[in-house]
Structures are given as C-alpha cells and as structure tokens.
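Summary of the model geometry
Each chain, written out:
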Amino acid sequence: MSLWSLSFSNFKRSIREYGMLLVSLAFSVFVFFNFQNVVYSDSMDVLMDYKKEYIDMIVQAASVVFGVFLFFFIWYASNVFLNQRKKEIGIYIFMGLDNQRIGKMYALEAALIGLFSLISGIVAGILFSKLFQMLLFRLSEISVDVRFSFSMKPVLVTAAMFGGVYGLMILKSYHTLATSSVLNLLSGAKQKEIRPEKGIVTGIRILAGVGILGTGYYLAWDTKGIDALNHALLAVILVIAGVYLLFSGLIPAILRRMTRNKEFLYKKERTLWVNSLVFRIKKNYRTYAMVTVLMICSVTVLAFSIAMKQRYEKIHAFDETYTCQVVSMEPKDGEAIAEGIEQENELDYWNTYEILLLDSELLHSQYDQIPHGVISCSQIKAGAKAAGLPFPYKDLKEHEVIELEHEILMSLIGTSSEERKQQIGEKTYDVIAEEKTPYLGTMQTSADLYIVSDQTFQELQNFGVKSYLYNYRLKNPKNIEASKAYLNTLAQKNESGQYTTGVNYSQGVTNGDSWIRIMYSLCQFMFVTLVLAAGSILFLKIGNEVYEDRERYRVLEKMGIQKSVLKKSVRNEICFTYYCPFVLMVLTSWFSVHALGNVMGEDLLSVNIWSAGIVLALFSTICMLSVHTARKRLF
C-alpha cells in the first residue's frame, strides 16, 4: 500500500472518529469567511450610506480576535489528534517505515483533514452567506435589501489565514514525529505516572491561586472611578493566572482529600471514577483552565453585546424625548407654537424652560466650546411632570446643584465616587447628583447645565443671558415633515447673520450609527463560536481519554464489575469534566460581567444569568453526546 493510500485510508477513518474536530474547524472557517464576506462582498454595497468604513473596521477587528482564538484552538486540537495517533503511528516502524515517512504520512492525513474542514466551511459559508448577512442585519435592526454575491477575495483571505495556521501546526507535528523515538511513539498515548508533589509546593499553589483569583475578583468588582480601566485589565490577567493555579492546586487537593474519606469514596462506586479524576485533573489542568477562560470570555462577550444594545437604545430614547425644539434668545408664545404644529400633527405633550446662560469663566467649566448655564428646580419639576419624566428630588437647598448629563455609549474612565463641588461665581455648591433623565432633550448633549435652587437662579439673573427653550413631542414623530414648513418659519437671524431663534429636530435612528448595531450583533456570533470551541476541546479531550481507558474498562468488566456500574462511572467522570469548569465560570463571570456593567453603566445581572443558562444548555447537550460516544467506544 502506498503512502498516499494509507494516509487517505486513515483520513476516511478520522472523519468518523474525529467528527467533532472536523465540525468545529469547519464552523470556525464558516464564521471567519462570513466576517470577510461582510467586508469584501459586493452584496454589502447597500451599506455605503450606513458608514460602511466603520462597519468594515469593526468586522476586521473581530476577525483579528477570532484569528488569534483559532490559532490556539487549532494548536490544541492538533496536539490531541497527534497524541491519539502516536501509538498507532509507532507500530508502523515495525512495518519498515522510518520516522520521516511516518511524519509524511501523518502530514498528508492532517492536511486532508484541514483541507476537508476548509472546503466544507467555505462551501457552507458561500451557500449560507446571504442567510448569514440577513441574520446579522436582522439582529442589528438594519433594513436593507441583501442580494447574493460571490467574490474570491473572502475565499482567498480565509484560505490564507486557515492554511497558514494549520500548515504551521502540521510542520510542528511532522518535526515531532521525525525526531521521536520508537519508545516515545508507542507510549505516547499511555497515561504517564505523575510524580507526587511535595505538600509545601501544593500549599503554595493553593495559596497563590486563591490569593491571585481573589485579588482579580476584587479588582473586577472595583471598576469605578478613574482607575477603572487599569483595574479591569489587571483583573483579566489575574483571573486567568488564578484559574490556572486553581486547577493545578486547589481542585486536585480537594479531590485527593475526598479519596482519603473512605466513607465517601466507597459509596455508590465512587472509587471507580474519583481516583481517576485525581490523576486526570492534575494531568490536564491546562485544558480545564483553557476551557474555563473560553467560557468566561463567551459569557462576557454576550453580556457586552446585550449591554451595547441596551445602551444604544437608551441613547436614542434620550434623543427622541422631544420631536422638535425651538430655541430662542427672545421669549415666544409656546401655546401659539403648539397650535401651529397641531395644524398638521397631534401633540403628545409640550413644555417650556427658561435657561440662564453664563460665561464659562463664571461657571468655572473646563468646556469652552459649548454653552453653559443654569436652570431653576421648579421649572424642571413642572417640565418633567408635563413630559411624564421622573424627578425624584425635593426642592434644592441653596448650596446644592444637580448636573445634567446625557447618555453615552460607554466610558473607560468611569465615574468618581468622591463628593463633587461646583463653583459658580464666588460661591461653591455641592453636586448632589449627575442626572441623565432627558429633561431638556438634545440640549443636554450639547451644553454644560446645572439645576439650581429657585433662590440661586434669581441671584444669578444679573450675571447671564436668558435663553428660552420650547419642547414638543408628536404622537406620531415620523410625521414631523408635515410640520417642518411651519416650524422653519420660526427661525430668525439678527443683523450680523446669527440665529436668534432656531429649530432642532430629533434624528431618531440614523444610518451613521449602524456600525454600533453591527458590533453587538457580531459579538453574539463570537459568543456561539467560543462556547462551541470550549465544548469541542472537552469533547476531544474526553475522546483521547476514552482511547486510553479501553483496556482498563475491559479488565474491570472481566473482573466481574457489572457493565451498568461501569457506564455510571463513565457518566460521572465525564459530567465532572464539563460541570467543574462551568461552576468556576459562573462564579468568575459574575465578577467580570459586574465589571463590564460598571463600565457600561448597566445592570447586567439578568444578562449574566441568561448567558450562563445558555452555556449550561449547550454544555449539557455536548456532555450527553460525549457520554453516549464514550460508552459506545468502551463497551
């Protein structure tokens, strides 16, 4: 039999035995291809009016992150695949093959697997590219007519990325086989005895793991204030290091402690799988840690996606509080303006404000390019009541002010928990709150404004210029065009050509913001990919262990242990493999999602619970599949 025939025969067998690996690789190629298709396909020309250059930048950034993840995933999968084949490959030496020919045979087989995954992923990507784009736009709430279009550039970029990474792994495996001894090949798939670790070393690992992980949790929880970004980045590093130390120290120590408890160990045949776990978790702690980190990343990515969506919707709800606003340096008849609008549109509500504009030096503001001013508390209270907005404050005291803020997408700086002071003129006031309720609509996004007591407002009358703001909300905001002809007649200019009266319209959902919606939609695809990758790694690891355990279970069955007991032991050991990382992920993600919520200014507890539930459902499905496959191979 030729080298090619032998490699092709092994490849056909690999399709059956390593189906999960092929599916995972093909799905990764499918997602990466569709990311590139968004950038290069002619079908996306409809996005030219939707800031396509921003969308391309977001997609390429996601592609880079995805490419880095794919590198490590292929690296791990290649190592598992090679370890499973070492014993079989070692036998070929007794058939007269030298190491170089064995390496070439393995390289051909691995290349066929990679080529099969690449072609399958690209073909599926081409066939379902329109569906992928439609789903992406549906999640992004972008209404465009997507057409099918094929371009070679996404294919070439995907093939180059995957081929480069996978080819590098093949060369690494070829070098390993070409330089391995017969003994190493024959014993490569066998369990190697792990030397007992000294108690003091284990103690150091446990203390270091708990301490580092606890510090990471603390920093993740304390992501407020000006050090929020530094705390978040340091927390990521510490949590990853803590997870690795936990799986190499504390968790094996707990399992060893359980094996010494004979009352626990000998009940329900636990000795069949608990002792095996003690060995396995020490041997494979890097895999457990990698899977846990991937799961934490997946939940955090999903939380980021949902938080971005919630914040985006809040921004637009903020901007659409009023359909139109009339700003004037002279008092107008607000009732007359309302009657003019109602000739074409029915109003939902309207209100009016008198704002005292102050010089930036008088207000001691750091912003020089925007208007500055104050407004009385009684006006805000009356206007909020007319617009149906909450105002949970009593009458302000003379030394108190409230700063009017606006919604932003996210802030990496955070907010300070220290009490703030604001100097206006020669007096200093306590800033008791930073209020984001859109009392003044879009005026709050373009001005530095404070709510002051009525008495303070009266005292400052002689130091500023009054501006009058008239806000109107239509019952059907989409019909604003019908009233624009009347509203535009209100605009006035002075002799120098500057507007003394202007009209602003709420923009609503604009095409220029579509890149934000694309971003949180891509994060949802990343979530699915990361979860499937974590499940695939565990599936491959369990397949490798089943390959090692065939003889052990056959011996146990010949010793008279019932097959039902052995099957139960297999199930318990596999379930621990999946649910131990999941439990640690739930604990860690609670802190990571909390940190993200601090940065985004959102309460993401429900998001954390739902995302963990989705991961649990997917992992339970893969776990049942692993149990079924393992039992089938063992018995």
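Residues numbered from 1 in each chain as written. Predicted model: local features only at pLDDT ≥ 70, side-chain atom pairs only at ≥ 80, totals over all residues. Heavy atoms only, no water.

1. Side note on a nonpolar patch on the surface
Taken together, the side chains of Leu115, Ile119, Val123, Leu127, Phe128 and Leu131 define a hydrophobic patch exposed on the protein surface, amounting to about 580 Å² of accessible area. No other element matches helix α4 (residues 99-127), which puts 4 residues into the nonpolar patch. For Leu115, the location among the structural elements is in helix α4. (Patch = residues over 30% accessible without salt bridge, like charges linked within 9 Å, V, L, I, M, F, W, Y side chains within 5 Å. Areas by Shrake-Rupley, 256 points an atom, 1.4 Å probe, with all protein chains shown as cover. Salt bridge = Lys/Arg side-chain N within 4 Å of Asp/Glu carboxyl O. Helix = DSSP H or I, 4+ residues; strand = E, 2+ residues; numbered from the N terminus.)

2. A short note on the pattern of salt bridges
One pass over the structure, following the stated rule, counts 10 salt bridges. Put simply, Glu313 and Lys309 hold a salt bridge, and the shortest N to O gap is 2.6 Å. In this pair, Glu313 and Lys309 are both assigned in helix α12 (residues 285-319), 4 residues apart and thus about one turn of the helix distant. Relative accessible area serves as the criterion here: at 24%, Lys309 is assigned to the partly exposed category. (Buried < 20%, exposed > 50% of the residue type's maximum accessible area, 1.4 Å probe, protein only.)

3. Details of helix α13 (residues 334-341)
Those residues of α13 that sit buried are Gly334, Ile337, Ala338, Gly340 and Ile341. Looking down the long axis of α13, one finds its buried residues gathered within 160 degrees of arc, a one-sided arrangement. Those residues of α13 that are buried lie in contact with β1 (324-328), β2 (347-357), β8 (465-474) and α17 (481-488). Near the N-terminus of α13, the side chain that reaches the backbone nitrogen of Glu335, with its oxygen 3.2 Å away, is that of Asp333. (Arc of directions from axis to C-beta. Contact = heavy atoms within 4.5 Å. Polar contact = N/O pair within 3.5 Å; in protein donor to acceptor, adjacent residues only side chain to side chain.)

4. A look at the sheet that holds β1
Taken in spatial order, the 10 strands of this open sheet run β5-β6-β4-β7-β3-β2-β8-β1-β10-β9, and their pairing is mixed. Each edge of the open sheet is held by one strand with a lone partner, namely β5 (420-424) and β9 (492-493). Strand direction decides the pairing type here: strand β4 (residues 400-404) and strand β6 (residues 427-435), joined by 5 bridges, are parallel. Within β6, the residue paired with Glu400 across the bridge is Asp430. (Pairing = 2+ DSSP bridges.)

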